[in-house]
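Summary of the model geometry
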Amino acid sequence: MAKPKAPRQTLDSYTVKRINKTIKAGDCVLMRPSEPSKPSYVAKIEKIEADSRGANVKVHVRWYYRPEESIGGRRQFHGSKELFLSDHFDVQSADTIEGKCTVHTFKNYTKLDAVGNDDYFCRFDYNSTTGAFNPDRVAVYCKCEMPYNPDDLMVQCENCSDWFHPACIEMTTEEAKKLDHFYCESCSSEGQKKLQNSQSTSKVAETKVDTKRRRR
Ligand SMILES: [Zn+2]
Ligand SMILES: [Zn+2]
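To keep things clear, this report deals only with the structure shown in the data block. Here the structure is a predicted model, which means the values were calculated and not measured. (Residues numbered from 1 in each chain as written. Chains lettered and ligands numbered in written order. Predicted model: local features only at pLDDT ≥ 70, side-chain atom pairs only at ≥ 80, totals over all residues. Heavy atoms only, no water.)

Structurally, Gly 99 can be placed in strand β8 (residues 97-105). Look at Gly 99 and you get buried, because its relative accessible area is 9%. In the structure, Gly 99 is positioned 78 residues away from Lys 21 in sequence and 7.3 Å away in space, judged by C-alpha atoms. When residues no more than four places from it in sequence are discounted, the contact partners of Gly 99 are Ile 19, Val 29 and Leu 30. (Helix = DSSP H or I, 4+ residues; strand = E, 2+ residues; numbered from the N terminus. Buried < 20%, exposed > 50% of the residue type's maximum accessible area, 1.4 Å probe, protein only. Contact = heavy atoms within 4.5 Å.)

Structural data, given as structure tokens:
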């Protein structure tokens, strides 16, 4: 006959001694991958449990997937720090936690002054069985009609407000960074007029060239 299962208790928080970090439900953590050559797994802690003596601590987690771990694989618009919140739940030993990290909303991530090692972002929920994303549609930009990759520099048209990749408007990144004004192809005749007007009133136009990211 099987032994009755030892009663388990839920912990509000737990200090992972090896890294001297206190974790609690809701935190995002990096966990040791199955193969050392792989990047750390990223998970959100749902619950922390221990046995009645407070030992054998386990964390109930919800996995974040990296784009390359998804069925569709990494796409051009996926950022280097992009993660998908999956529907894949798991229970792991708390000892496999290697560190804490922050998974930002897409909007907050694009506002970061500098992206640290432990900064990630998530804009999609991911169904690990079907490979489907939620939302399944996002805004697209540029002539190439791609969702925004926050790692890429884009320039904004002062007239239509669309954003463009320098390469798609036959410009180098360096040239794009030096732009004071930019009007896309379809707006350029209108743009020239506006530009002349603004110069005649000697208004200093704020720069519309957004470098978006400064990497550490
Ligand atoms: Zn483009
Ligand atoms: Zn335009």
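Bringing the coordination of the zinc ion (ligand 1) into the picture now. Ideal values for angles at a metal depend on the geometry: 109.5 degrees with four tetrahedral donors, 90 or 180 degrees with six octahedral donors. Taken together, the protein donors to the zinc ion (ligand 1) comprise Cys 142 (SG), Cys 144 (SG), His 165 (ND1) and Cys 168 (SG), at separations of 2.1 to 2.3 Å. Around the zinc ion (ligand 1), the four donor atoms are arranged such that angles at the metal cover 99 to 118°; this shape is classified as tetrahedral. In the primary sequence, the donor residues of the zinc ion (ligand 1) line up as C-x1-C-x20-H-x2-C. Of the two residues, Cys 144 sits in the loop between β11 (140-141) and β12 (146-147) while His 165 sits in the loop between β14 (163-164) and α2 (173-178), which places them 21 residues apart along the sequence. (Donors = N, O, S within 2.8 Å, 3.2 Å for Na, K, Ca; no water. Tetrahedral: all angles 85-135°; square planar, octahedral: opposite > 155°, others 65-115°.)

So, on to the coordination of the zinc ion (ligand 2). Coordination of the zinc ion (ligand 2) by the protein comes from Cys 157 (SG), Cys 160 (SG), Cys 184 (SG) and Cys 187 (SG), over a distance range of 2.3 Å. The site at the zinc ion (ligand 2) holds four donor atoms, and with the angles between them running 99 to 116°, its shape is tetrahedral. Coordination of the zinc ion (ligand 2) draws on donor residues from a single chain, spaced C-x2-C-x23-C-x2-C in sequence. Of the two residues, Cys 160 sits in the loop between β13 (154-156) and β14 while Cys 184 sits in the loop between α2 and α3 (188-200), which places them 24 residues apart along the sequence. Cys 160 gets classed as partly exposed once you look at its relative accessible area, which sits at 38%.

What follows deals with the nonpolar core. One finds Tyr 14, Ile 23, Met 31, Ile 45, Ile 48, Val 59 and Ile 97 to be the most contacted residues of the largest nonpolar core, which totals 23 residues. For this core, the secondary structure elements donating two or more residues are β2 (13-16), β4 (28-31), β5 (41-51), β6 (58-65) and β9 (119-126). Each residue touching Tyr 14, except ones within four places of it in the same chain, is listed here: Lys 21, Thr 22, Ile 23, Ile 48, Val 57, Ala 94 and Asp 95. Residues Met 154, Val 155, Ile 169 and Phe 182 belong to the second largest nonpolar core, which totals 15 residues. (Core = buried A, V, L, I, M, F, W, Y, C linked by side-chain atoms within 4.5 Å.)

Turning to the packing of aromatic side chains, a few remarks are in order. What the rule picks out here adds up to twelve aromatic pairs. For the pair Tyr 109 and Phe 121, a centre-to-centre distance of 4.5 Å together with 35° between the ring planes defines the contact as tilted. In this pair, Tyr 109 is assigned in helix α1 (residues 106-111) and Phe 121 in strand β9, connecting sequence segments twelve residues apart. Accessibility expressed as a relative area gives 0% for Phe 121, which makes it buried. Both rings, one in Phe 124 and one in Phe 133, keep their centres 5.4 Å apart while their planes meet at 55°; by these two values the pair is tilted. According to the relative accessible area criterion, Phe 133 is partly exposed, its value standing at 27%. Through pairs of rings, three or more aromatic residues link up here, namely Tyr 65, Phe 84, Phe 124, Tyr 126 and Phe 133. One Lys or Arg, Lys 81, reaches over the ring of Tyr 120 and ends 4.6 Å from the middle of that ring. (Phe/Tyr/Trp six-rings, centres within 6.5 Å; stacked < 30°, edge-to-face > 60°. Lys NZ or Arg CZ within 6 Å of the ring centre and 35° of its normal.)

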